[in-house]
There are 2 protein chains.
Amino acid sequence: MSIRSRRENNSGRHRFTMSTFRGMQQPELSKKLSRLIKSENSAIGAHETAGRERIAIASALSEWGESTGDEAISDLSDKLGVMLAEIGEQEDLYAQNLEDSRGVLKQIRNMEASVQPSRDQRQKITDEIAKLKYKDPTNTRLVTLEHELVRAEAQNLVAEAQLSNTTRTKLKEAYDLHTAAVIERAEKQIILARHARRLLGLIDDSPVVPGDVRSAYDSEETARQIVEDAETELRSWESNVEPIGSPTEDVARQMTSGSLSGGTEQDMESIATGRSGVEAGHAVPSSSKPLEEPVV
Amino acid sequence: MSIRSRRENNSGRHRFTMSTFRGMQQPELSKKLSRLIKSENSAIGAHETAGRERIAIASALSEWGESTGDEAISDLSDKLGVMLAEIGEQEDLYAQNLEDSRGVLKQIRNMEASVQPSRDQRQKITDEIAKLKYKDPTNTRLVTLEHELVRAEAQNLVAEAQLSNTTRTKLKEAYDLHTAAVIERAEKQIILARHARRLLGLIDDSPVVPGDVRSAYDSEETARQIVEDAETELRSWESNVEPIGSPTEDVARQMTSGSLSGGTEQDMESIATGRSGVEAGHAVPSSSKPLEEPVV
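Residues numbered from 1 in each chain as written. Chains lettered and ligands numbered in written order. Predicted model: local features only at pLDDT ≥ 70, side-chain atom pairs only at ≥ 80, totals over all residues. Heavy atoms only, no water.

## Side note on the interface of chain B and chain A
Item 1. Tallying the contact residues gives 98 residues for chain B and 99 residues for chain A.
Item 2. Here chain B and chain A share an interface that buries about 8,900 Å² over both sides, 63% of which is from carbon and sulfur atoms.
Item 3. Three residues stand out in chain B for area buried against chain A, namely Trp64, Arg168 and Arg197 of chain B, and they jointly supply 10% of the buried area on that side.
Item 4. Along the contact surface separating chain B from chain A lie twelve salt bridges.
Item 5. Note that Arg185 of chain A and Glu91 of chain B form a salt bridge whose closest N and O atoms lie 3.1 Å from each other.
Item 6. Here chain B is connected to chain A by 34 residue pairs in polar contact (both at pLDDT 80 or more).
Item 7. Considering each element in turn, the side of chain B that touches chain A owes the most residues, 29 residues, to helix H5 (residues 141-200) of chain B. (Contact = heavy atoms within 4.5 Å. Buried area = accessible area lost by both parts, 1.4 Å probe. Salt bridge = Lys/Arg side-chain N within 4 Å of Asp/Glu carboxyl O. Polar contact = N/O pair within 3.5 Å; in protein donor to acceptor, adjacent residues only side chain to side chain. Helix = DSSP H or I, 4+ residues; strand = E, 2+ residues; numbered from the N terminus.)

Okay, structure coming up:
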């Protein structure tokens, strides 16, 4: 399983990552994250399943209500079903948003995988030099190797900087998306659940004695209105998540209050800076240029 | 599959429900709800799976962070993992609460199943009388049957009243629990997600150029504090769901406002503490009063 995951995810790069078996000081860079990305995939699958089931159950509830032959139960179970189905839809949307977050993690994994060869190369030359110095210290090839090593070190220096920049920027971006998705699902499902509770309030459950007839159901209009209210409120939903700040910002914020709810002007600004702060990572020539290069 | 579900769920009562095959005017009372209850079971299972996966992924994230050898990433990924694991725990708690709601639905199903024989009995006698009146109108057994029918009708009258009362009360109760569970998961996960976003704010993703060393990581204390804040806020979470009203109440409520979530001072507070995600919905004062009403 774990092996399979590594194979799948590192695919073409496997020949390089083999070198990690030489010693612990060289971790197989992208293995851990590859597994995480794989697990995330099945977690997302579980949310999708839950969403689908919810929608099916919602229509089953409506069908059941109709079958009771009770006008009130029939109407309200149908409208309750509409709410529950939408809660299921939101579960599904949540899964899609998590998928986006997962996609960003893949960028870190790819960068990790692409940095591995550069580390291996440097190590290989270092080892070769050591060996030769021991066996044949006067060998002229040593000079060539020393030059190769300098080049390999320079190349690795760039690779490590790219890795550090990508890791931090993309980790931030991935969990920005992830946590925003959690909040979106939560806020929207709260709207739906609260309106669903209003529908339940229309069920007259005052007990009837044998032979009695219930007072006729007259809340059809109210129920219809509640569903409309829910639709309206859901449509007007807007994300109000606090933008991800920078360390200094956050320290300041945390001095002033332990609370989280943002909304001040500079918060609104830092939505921009927070986002473009991520792009800033790409904006530095030394690190951004190679970032655009296809992963080898 | 559907057959299996019926068997399983009606178990001992199966011999009675067979009678429904005689005609469509007699629905197999508890079949539809039995299936719904079965589907709900697998939906709950999906939420449990998602919760478990989340917890596993959270620790994988922490492990990965450690393996990067980047002090900041190591500390923050670990603490972010704590938050994500708790989000998973909440997913699991949600599943447990849904299970309670499902248990209440079973009470309706059982009542349906127990009412079926009474309906069948009455029908059986009615049929018998009709047959006899046609074949042998003077048969004295008719008198006995008429008496039996009166008793069967009386018994059925009680059964139907019980069914109506149970259906309405338990349907209300089941989805009261269900929607309250949706809201609890939502509100708690919003708390966790918002604090998680504060942690992300501690990741310094300003780009480094090759050879540069990053400024040392100094947010360990802040990060620890954020996790503490989240724990405190989560521990102090309290349900503030609007109690399920009665039809009359709800009509009144719906006259005053279309929206549900209140917007008075204490609501603003709860926004500040990040307890309620639905800021948008929290704008209508008129509907906040019913929130305070005791559960009837």
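## Describing the packing of aromatic side chains
Item 1. Under the counting rule described, the total for this entry stands at zero aromatic pairs over all chains.
Item 2. Positioned over the ring face of Tyr94 of chain A is Arg185 of chain A, at 3.9 Å from the centre of the ring. (Phe/Tyr/Trp six-rings, centres within 6.5 Å; stacked < 30°, edge-to-face > 60°. Lys NZ or Arg CZ within 6 Å of the ring centre and 35° of its normal.)

## Some thoughts on the nonpolar core
Item 1. If you look at the biggest cluster of nonpolar residues, it comprises 47 residues, and the most contacted ones within it are Leu36, Leu105, Leu171 and Tyr175 of chain A together with Leu61 and Met83 of chain B.
Item 2. When residues of this core are traced back to their parent elements, those giving at least two are helix H3 (31-67), helix H4 (71-135) and helix H5 (141-200) of chain A together with helix H3 (31-67), helix H4 (71-135), H5 and helix H6 (220-235) of chain B.
Item 3. No other element matches H4 of chain B, which puts eight residues into this core.
Item 4. Excluding residues that lie within four positions of it along the chain, Met83 of chain B makes contacts with Leu192, His195, Ala196, Leu199, Ile226, Val227 and Ala230 of chain B.
Item 5. Formed by 46 residues, the second largest nonpolar core is a distinct cluster that contains Val227 and Ala230 of chain A together with Tyr175 and Ala181 of chain B. (Core = buried A, V, L, I, M, F, W, Y, C linked by side-chain atoms within 4.5 Å. Buried < 20%, exposed > 50% of the residue type's maximum accessible area, 1.4 Å probe, protein only.)

## Some thoughts on H4 of chain B
Item 1. Between its first and last C-alpha, H4 of chain B extends 95 Å over 65 residues, near the 96 Å set by a 1.5 Å rise per residue.
Item 2. The N-cap of H4 of chain B, judged by a side-chain oxygen 3.0 Å from the amide nitrogen of Ala72 of chain B a few residues on, is Asp70 of chain B. (Expected span 1.5 Å × (residues − 1).)

## Some thoughts on the relation of the copies chain B and chain A
Item 1. For the pair chain B and chain A, the best superposition has an RMSD of 0.1 Å and corresponds to a rotation of 180° with a translation of 0.0 Å parallel to the axis. What the superposition gives is, in effect, a two-fold axis relating one chain to the other. (Least-squares fit on C-alpha atoms with pLDDT ≥ 70 in both.)

## Here we look at the pattern of salt bridges
Opposite charge on two side chains permits pairing when their charged atoms draw close.
Item 1. This structure, assessed with the given rule, holds 34 salt bridges over all chains.
Item 2. One salt bridge connects Glu40 of chain B with Arg54 of chain A, and the closest N-O pair in it is separated by 2.8 Å. With Glu40 of chain B in helix H3 and Arg54 of chain A in helix H3, this pair bridges two chains.
Item 3. The salt bridge involving Glu221 of chain B is made with Arg224 of chain B; its shortest N-O contact spans 2.5 Å. Taken as a pair, Glu221 of chain B and Arg224 of chain B lie in helix H6 at a separation of three residues, close to a single helical turn.

## Concerning the confidence of the model for chain A
Reading predicted coordinates in detail is not appropriate for stretches of low pLDDT.
All names here are of chain A.
Item 1. When pLDDT is averaged along chain A, the result is 80, and 74% of the positions lie at 70 or above.
Item 2. For residues 257-296, every residue scores under 50 in pLDDT, and the model assigns this stretch 57 contacts once sequence neighbours within four places are set aside.
Item 3. In the predicted complex, the global pTM is 0.75; the interface-specific ipTM is 0.75. (pLDDT = per-residue confidence, 0-100.)

## Remarks on H5 of chain A
Note on helix geometry: an α-helix contains 3.6 residues per turn, so any two residues three or four positions apart are oriented the same way.
Item 1. Here H5 of chain A spans 84 Å end to end across 60 residues, near enough to the 88 Å set by a 1.5 Å rise per residue.
Item 2. With 43 of its 60 residues buried, H5 of chain A lies for the most part within the structure.

## Side note on the side chain of Arg214 of chain A
Item 1. Relative to the helices and strands, Arg214 of chain A resides in the loop between H5 and helix H6 (220-235).
Item 2. Salt bridges are absent for the buried Arg214 of chain A, whose nearest opposite-charge side chain, Asp204 of chain A, sits at 4.5 Å.
Item 3. Side-chain polar atoms of Arg214 of chain A contact the backbone oxygen of Ser206 of chain A, separated by 2.8 Å.
Item 4. Within the structure, Arg214 of chain A has its side chain in polar contact with the side chain of Ser164 of chain B (distance 2.9 Å).
Item 5. Ignoring anything within four residues of it in the chain, the contact list for Arg214 of chain A reads Asp204, Ser206 and Val208 of chain A together with Ser164, Asn165 and Arg168 of chain B. (Lys, Arg positive; Asp, Glu negative; His and termini not counted.)

## Remarks on the packing of H5 of chain A against H5 of chain B
Item 1. At a closest axis distance of 8 Å, the pairing of H5 of chain A and H5 of chain B adopts a crossing angle of 155°. Judged on the interaxial angle alone, H5 of chain B and H5 of chain A are roughly antiparallel. At the point where H5 of chain A passes H5 of chain B, the crossing takes the left-handed sense.
Item 2. A per-class count over the contact of H5 of chain A with H5 of chain B returns 20 nonpolar, four polar and twelve charged. (Axes fitted to C-alpha atoms, helices over the stretch in contact; angles between N-to-C directions. Parallel < 35°, antiparallel > 145°, perpendicular 65-115°, else oblique. Left-handed = near helix turned anticlockwise from the far one by under 90°. Nonpolar A, V, L, I, M, F, W, Y, C, P; charged D, E, K, R; others polar.)

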